[in-house]
Amino acid sequence: MKENKLKKKNKREIKKEKQRLRQEFHDKYTLSKMVKVNDNWYPTYPKHLVSVYLTITW
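Keep in mind that what you see is a predicted model, and the values were worked out from it rather than measured.

**Here's the deal with the overall build of the protein**
Point 1. Scanning the protein from N- to C-terminus turns up one helix and two strands.
Point 2. Order of helices (α) and strands (β) in the protein, N terminus to C terminus: α-β-β.
Point 3. Every one of the 58 residues in the protein was classed for burial, and the buried ones make up 3%.
Point 4. In the protein, once contacts between residues fewer than 6 apart in sequence are set aside, the share between residues at least 24 apart is 28%.

Below you can see the structure in the form of structure tokens.
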């Protein structure tokens, strides 16, 4: 019985650790940049800029 509780706790801890790592990677490896475009994109920001995001996920 105690072994099952320990396994469940370990699964929770593993899940929390995975979520923490996922968030850390997202924060560390997400790039955002404003890019000037020639086409009429919708919606565009002033001066024909669009917002571009690049995220590395696992």
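**Describing the pattern of salt bridges**
Point 1. Enumeration according to the criterion identifies two salt bridges in this entry.
Point 2. A salt bridge links Glu 17 to Arg 20; its shortest N-O distance comes to 2.6 Å. Taken together, the residues Glu 17 and Arg 20, both in helix H1 (residues 2-28) and three residues apart, mark about one turn of the helix.
Point 3. Members of the salt-bridge network, linked through shared partners, are Glu 17, Arg 20 and Glu 24.

**Some points on the environment of Ser 51**
Point 1. Mapped onto the secondary structure, Ser 51 falls in strand E2 (residues 49-55).
Point 2. Given the relative accessible area of 27%, Ser 51 is considered partly exposed.
Point 3. Sequence spacing of Ser 51 and Met 34 is 17 residues, and the spatial spacing of their C-alpha atoms is 4.7 Å.
Point 4. Other than its neighbours up to four places away in sequence, Ser 51 contacts Ser 32, Lys 33, Met 34 and Tyr 45.

**Brief notes about the pairing of strand E1 (residues 30-36)**
Point 1. Counting buried residues in E1 gives zero out of seven residues, a small share hidden from the surface.
Point 2. Bridge count between E1 and E2: seven bridges; the pairing is antiparallel. Within E2, the position partnered with Ser 32 by the bridge is Tyr 53.

Quick notes on the rules
Residues numbered from 1 in each chain as written. Predicted model: local features only at pLDDT ≥ 70, side-chain atom pairs only at ≥ 80, totals over all residues. Heavy atoms only, no water. Helix = DSSP H or I, 4+ residues; strand = E, 2+ residues; numbered from the N terminus. Buried < 20%, exposed > 50% of the residue type's maximum accessible area, 1.4 Å probe, protein only. Contact = heavy atoms within 4.5 Å. Salt bridge = Lys/Arg side-chain N within 4 Å of Asp/Glu carboxyl O. Pairing = 2+ DSSP bridges.

That is the geometry; function is a separate question.
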